[in-house]
There are 2 protein chains.
Amino acid sequence: MGAKKILIIGGVAAGTKAAAKAARENPGLDIVVLTRDSHVSYAGCGLPYYIGDVIKAERELLVRRPKDFKADFGIEVITDIEATKILPEEKMVLAKDLNTGETRQFAYDKLVLATGASPFIPPLEGTTLGNIKTVRTVQEATAVKNLLSERKVQDAVVVGGGMIGLEVAENLSQRGIKTTVVELAPHILPPYDADIALYVQKYLAEKEITVLAGTAVKSFVDNGQGDVGAVSTGADLLKADLVVLSAGVRPNVELAVDCGILLGPTGAIAVNNKTETNINGIYAVGDCAENVNLITSQAVWYPMGSTANKTGRVAGINLAGTGAEVTVKGVLGTSVLKLFELNIAKTGLSERDARALGYNVETVIVPASDRAHYYPGSRTIVTKLIVDRDSRRVLGGQIFGEGAVDKPIDILVTAISLGATVDQLSGLDLAYAPPFSTALSTTAVAANVMMNKLAGKFTGVGPLDLKEKMDAGAMLVDVRIDKEYFVRKIPGSINIPLRRLQERVDELDREREIILVCKVGLRAYLALLKLKRLGFEKVSILEGGITAYPFETE
Amino acid sequence: MGAKKILIIGGVAAGTKAAAKAARENPGLDIVVLTRDSHVSYAGCGLPYYIGDVIKAERELLVRRPKDFKADFGIEVITDIEATKILPEEKMVLAKDLNTGETRQFAYDKLVLATGASPFIPPLEGTTLGNIKTVRTVQEATAVKNLLSERKVQDAVVVGGGMIGLEVAENLSQRGIKTTVVELAPHILPPYDADIALYVQKYLAEKEITVLAGTAVKSFVDNGQGDVGAVSTGADLLKADLVVLSAGVRPNVELAVDCGILLGPTGAIAVNNKTETNINGIYAVGDCAENVNLITSQAVWYPMGSTANKTGRVAGINLAGTGAEVTVKGVLGTSVLKLFELNIAKTGLSERDARALGYNVETVIVPASDRAHYYPGSRTIVTKLIVDRDSRRVLGGQIFGEGAVDKPIDILVTAISLGATVDQLSGLDLAYAPPFSTALSTTAVAANVMMNKLAGKFTGVGPLDLKEKMDAGAMLVDVRIDKEYFVRKIPGSINIPLRRLQERVDELDREREIILVCKVGLRAYLALLKLKRLGFEKVSILEGGITAYPFETE
């Protein structure tokens, strides 16, 4: 019996990972990777930074060349070839050589689908105009980069305010291009809660990126030379020498569907936790396949590079068949992104998701220093925690700020994956030294505030509910000192510094709801305690203070 | 019935935290804090950086002044007063005013001991000479800083190579002072494993800090003017205008012992998980009290600022008695420190601890990039994982490198606290974007290598065992390319690049043990697979590659 034939369709993260892992597990395998691209194993997530010239050369994005796979792993990588048909009965794949047009046959014992995802092109007038681009492959990114190098672009419109769209917008802006982001959903970063996403929108506005959320593109307008000249939203005509379409991606499932492989409820390929499809011997990994949400156990489709690597690895081990099978552990929809100096991250359920799923939800929004206040470079970050009141389990978190957010989000990822309660989160013996953290980490501070809230020690008002409350008669009382208030305040607030609260208590109306605000929440909490002792009943705190306030201040 | 009297002895982290928390929980309490110091609530962990002028002014270290406690919390803080006797029957504390010499009485309903710890002064000749300092308080640190500002110090000796000693040594060195660290234990950072600590020693030597480990100080030598002039180790006489004693601290327990409070096996005050001592109504928090190790459930004494904050908070809530009692969750002995550009962190059991406790220990040492290799600022960090083979539970980790180590150590803290196996660690959906991580995080890479090792896919040789193996006849084969080998190699190794291994296989002796080494381990693993296919039996990999090699290279 000869070496087993392993065929892999797709040569970016998941496909090459599966190939390399299988080769290491069982060097006796005969492994072939087919890709319609001319590059393999490239860093897709790096493309926005390549456009922004943070990454200078194309070659920096290429992890391994086809010949490296041959030399290091004995894997044959064939580029510029497109698989056109899977014949599961014959265990055969037909593929078309994109250079010669010739059709070739590839027999397999085991097949891995790593066909990825493709940009969604909205069905609008004008999408075929010149200078309307997507940035999914190295070639596409290089095309945009070349346009920029030729200094032909002054105004750009990015269609889609998801992570990639925003990263592209930042990188275009960093290169001096006036950039507008148009997002159909009510706010950018649709998976995030509005209170977090709106803060990011405010930040981007300060960085002179125009964000039009809740806005549909109607058409793309010719500049008279066959290239795009403007983007029409119906209401506005946005000048644009360059349009980047980043309105999401769709899983490449046609090959799979065509041969009888079942899709899941999300429209991506259904797989079990060993990455197997419904057809024996055919695996699906990376962006073309579904995942399972670790909290809800529901099928989800989060096309992420990190998941692609993990699922590729699992498939590689399992199909090699040399040892114990391994399983994929499920995902939390974790994401992190950097926009200028602002870092933003999310994991687990959003507040919106958690409520929709019927959890008895509690949330807090807690700003705190990412390292000792006296240590140079200390920055405030804001943590939103989402907890199930009944089980006290942590369901999700969203964190933003100019400090390190990747550390606390990964602490939450680990905690949520292992079923932690907020009490367990509070007690973690996290690493402390002044260059790295505060003595009580941002994680512990957020968990402690949540425990106080669950114990009924205070009630909070979310920033999104503030206006309605104030319209209904609530007083917003800012308890910071005059100097701080003078610099920046929330419209409609009055200022009574904490230390003068007792003497000025008569300025407060006991019949009205009183909402207290300070910089991060501690002084507002002390003020709340003071007012309660003085017999005030309708007192609450603005969650996140002025630090996390997502609307305009004065 | 009047307000309950709460008395707190000690005014740094734990004492002030307990006071502030109790005041917030129950504003009706009458809270008094006594401290023999003239500062309260100062950032003890910042003192090395204050000496190094990273932190310029004393006031930056002071979190709150006594009058702030009065204004914000209604807490009375009395400085320069030393508690001399606790009378538990009378619920009374006697204290001596350090300015007037007068003795005062303080009645209490509940008492919190936050007496901290004091530097251990080794019983040696000459410790009373001038310019022999400890740096536990702001005054002590200011004294050292003044000496430096007067430019009177050229050579310094730091006695003790623990975290504080090394942080002080770094800061002295940064100020241009020739610095020597003398450590009695076989290596600096005694809680760390030797393979990690020896790497740090090598790094410090490159930074021109002399480290004398396994070395006892015999005496301090007068410079003829009553100040220290040199430090004698018996073998050497080390020139020193300044000596910093950092040979550990001892818990301040005299007051407690004197009134019948029991100590635990570590010599610190025994407490339950509510921070209560054996005497009803008396709590002990912070550096004077014991903790419980979360893995072993044994009493331990890790005097850390982070633990001080947590225990202070728990005592504050519990003694206020206004709600449900809370508990301390136990510690892992987590630590992190920065020395020049190198970051070093540890949590859980060391390999040495784990073996001593009888675990069936497996370890790996795995270098990997902290963020996408193509993203500017990407650095390699080295993770040592310690796992129990039987349960597959993660027992501990040590991480070092010029990249971010605080994030992965906190992931391990969270995972270990929640009882994670290495398989769970491998599957975590950690946050990925090029500025923050690689698609497979350093944590996942280390976990995957561990899973491979547990599955018997390779055997490793630790760097500490290499010499013995080579003396016994093992060949060390470096499979990097010639260019890399030429720059830096391990003495006694030979070079056969991975891609030439097949053609040069006759250079290898099948009878001898072959140890393979590369930069991080991947190529050595591929070489191992290749040699095994070629029938070699005694093949293993140098753990951590040349990246983590803790001895001199050529």
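Residues numbered from 1 in each chain as written. Chains lettered and ligands numbered in written order. Predicted model: local features only at pLDDT ≥ 70, side-chain atom pairs only at ≥ 80, totals over all residues.

Participant: So what's going on with the overall build of chain A? Residues and values would help.
Facilitator: From N to C terminus, chain A includes 15 helices and 30 strands. Taking 24 Å as the expected radius of gyration for a compact globule of 554 residues, we find that chain A reaches 26 Å, a close match to that expectation. The principal-axis extents of the C-alpha atoms in chain A amount to approximately 90 × 60 × 40 Å. For chain A, the residues scored as buried account for 54% of the 554 residues in total. In chain A, the proportion of contacts linking residues at least 24 apart, taken out of those at least 6 apart, comes to 64%. (Helix = DSSP H or I, 4+ residues; strand = E, 2+ residues; numbered from the N terminus. Rg over C-alpha atoms; globule rule 2.2 N^0.38 Å. Buried ≥ 20, exposed ≤ 12 C-beta atoms within 10 Å, placed from the backbone. Contact = placed C-beta atoms within 7 Å.)

Participant: Which residues make up the packing of helix α1 (residues 13-25) of chain A against helix α8 (residues 305-320) of chain A, and what values go with them?
Facilitator: Residues and elements named next belong to chain A. α8 packs onto α1 with a crossing angle of 35° between their chain directions and a minimal axis gap of 7 Å. For the pair α1 and α8, the crossing hand works out as right-handed. Listed contacts from α8 to Ala13, Ala14, Gly15, Lys17, Ala18, Ala19, Ala20, Lys21, Ala22 and Glu25 of α1 are Gly305, Ala308, Asn309, Thr311, Gly312, Arg313, Ala315, Gly316, Ile317, Leu319 and Ala320. Its residues assigned to classes, the contact of α1 with α8 shows eleven nonpolar, six polar and four charged. (Axes fitted to C-alpha atoms, helices over the stretch in contact; angles between N-to-C directions. Left-handed = near helix turned anticlockwise from the far one by under 90°. Nonpolar A, V, L, I, M, F, W, Y, C, P; charged D, E, K, R; others polar.)

Participant: How would you summarise the sheet that holds strand β29 (residues 514-517) of chain A if you had to cite specific residues and measurements?
Facilitator: Neighbouring strands of a sheet are bound in pairs by backbone hydrogen bonds; such pairs are parallel or else antiparallel. Residue and element names in this part refer to chain A. Spatial ordering of the open sheet is given by β26-β30-β29-β27-β28, a layout of five strands whose pairing is parallel. Bordering the open sheet on either side are β26 (460-461) and β28 (494-495), each of which pairs with just one other strand. Pairing of β26 with strand β30 (residues 539-542) involves two bridges; the strand directions are parallel. Its bridge partner lying in β30, Val461 is registered against Leu542. (Pairing = 2+ DSSP bridges.)

Participant: Outline the interface of chain B and chain A, listing residues and values.
Facilitator: Residue-level contacts link 64 residues of chain B with 64 residues of chain A. No other element matches helix α11 (residues 406-417) of chain B, which puts nine residues into the side of chain B that touches chain A. Tallied by class, the residues present in the side of chain B that touches chain A amount to 39 nonpolar, 13 polar and twelve charged.

Participant: Any details on the relation of the copies chain B and chain A? Residues and values, ideally.
Facilitator: When chain B is fitted to chain A, the residual RMSD is 0.0 Å, and the transformation amounts to a turn of 180° plus an axial shift of 0.0 Å. In symmetry terms, the pair is related by a two-fold rotation axis. By C-alpha distance to the rotation axis, the residue of chain B lying nearest is Lys407 of chain B, at 2.3 Å. The overlap is high: 100% of the interface residues of chain B also sit at the interface in chain A, so the same surface is used on both sides. (Least-squares fit on C-alpha atoms with pLDDT ≥ 70 in both.)

Participant: Describe in detail the domain arrangement of chain A, supporting the description with residues and values.
Facilitator: Accessible area lost upon the coming together of the parts is a frequently used measure of interface size. Domain annotation for chain A reports domain 1 (5-42 + 54-117 + 250-320), domain 2 (132-247), domain 3 (341-454) and domain 4 (460-542). Using only C-alpha atoms to locate each centre, domain 3 of chain A and domain 4 of chain A end up separated by 25 Å. (Domains from an automatic or database assignment.)

Participant: Tell me about unusual backbone geometry, and please be specific about residues and values.
Facilitator: One non-glycine residue, Ser41 of chain A, adopts positive backbone phi at about 50°. Take Ser41 of chain A: it is sitting in the loop between β2 (30-34) and α2 (47-51). Phi at Lys91 of chain B takes a positive value of approximately 50°, unusual for a residue other than glycine. For Lys91 of chain B, the position within the fold is in the loop between β4 (81-87) and β5 (92-97).

Participant: Before we move on, can you summarise the sheet that holds strand β18 (residues 282-284) of chain B with the specific residues and values?
Facilitator: Residue and element names in this part refer to chain B. Ordered by their spatial adjacency, five strands build an open sheet running β3-β2-β1-β7-β18, and the pairing between neighbours is parallel. The outermost strands of the open sheet, each flanked by one partner alone, are β3 (76-78) and β18. Taken pair by pair, the neighbouring strands of this sheet meet at an average axis angle of 15°, ignoring direction. Pairing of strand β2 (residues 30-34) with β3 involves three bridges; the strand directions are parallel. Bridging from a neighbouring strand, Leu34 pairs with Ile78 of β3.

Participant: Report on helix α5 (residues 138-149) of chain B, specifying residues and quantitative values.
Facilitator: Residue and element names in this part refer to chain B. Over its twelve residues, α5 extends 16 Å from the first C-alpha to the last, a length consistent with the 16 Å expected when each residue adds 1.5 Å. Residues of α5 that are buried: Val138, Ala141, Val144 and Lys145. Down the axis of α5, the buried set is contained in an arc of 125°. They therefore lie on one face. Within α5, the exposed residues directed more than 90 degrees away from the buried face are Gln139 and Asn146. On its buried face, α5 is in contact with α2 (47-51), α3 (58-61), β9 (132-133) and β16 (242-245). Directly beyond the C-terminal end of α5, a positive phi value near 55° is found at Arg151. (Expected span 1.5 Å × (residues − 1). Arc of directions from axis to C-beta.)

Participant: Break down the pairing of strand β13 (residues 219-222) of chain A for me, with residues and values.
Facilitator: Residue and element names in this part refer to chain A. In terms of strand pairing, β13 meets strand β14 (residues 228-232) through four bridges, oriented antiparallel. Within β14, the position partnered with Phe220 by the bridge is Val231. With antiparallel pairing between neighbouring strands as the criterion, β13 and β14 make up a hairpin whose turn holds five residues, including Gly224 at a positive phi of roughly 95°.

Participant: Tell me about helix α5 (residues 163-174) of chain A, residues and numbers included.
Facilitator: All names here are of chain A. In this model, α5 (twelve residues) spans 16 Å end to end at C-alpha, consistent with the 16 Å of a helix rising 1.5 Å per residue. Where α5 is concerned, the buried positions are Met163, Ile164, Gly165, Leu166, Glu167, Val168, Ala169, Glu170, Asn171, Leu172 and Ser173. Elements in contact with the buried residues of α5: α2, β10 (155-159), β11 (178-182), β16 (242-245) and β21 (335-339). A positive phi of about 90° marks Gly176, the residue just after α5.

Participant: If you had to explain the packing of helix α10 (residues 406-417) of chain A against α11 of chain B to someone new, which residues and values would you point to?
Facilitator: Orientation of α10 of chain A relative to α11 of chain B, taken along the N-to-C sense of each, is 20°, at an axis distance of 9 Å. The angle between the axes of α10 of chain A and α11 of chain B places the two elements in the roughly parallel class. Both α10 of chain A and α11 of chain B take part in a crossing whose hand is right-handed. Contacts from Asp406, Lys407, Asp410, Ile411, Thr414 and Ala415 of chain A of α10 of chain A reach α11 of chain B at Asp406, Lys407, Asp410, Ile411, Thr414 and Ala415 of chain B. Among the residues making up the contact of α10 of chain A with α11 of chain B, the classes are represented as four nonpolar, two polar and six charged. (Parallel < 35°, antiparallel > 145°, perpendicular 65-115°, else oblique.)

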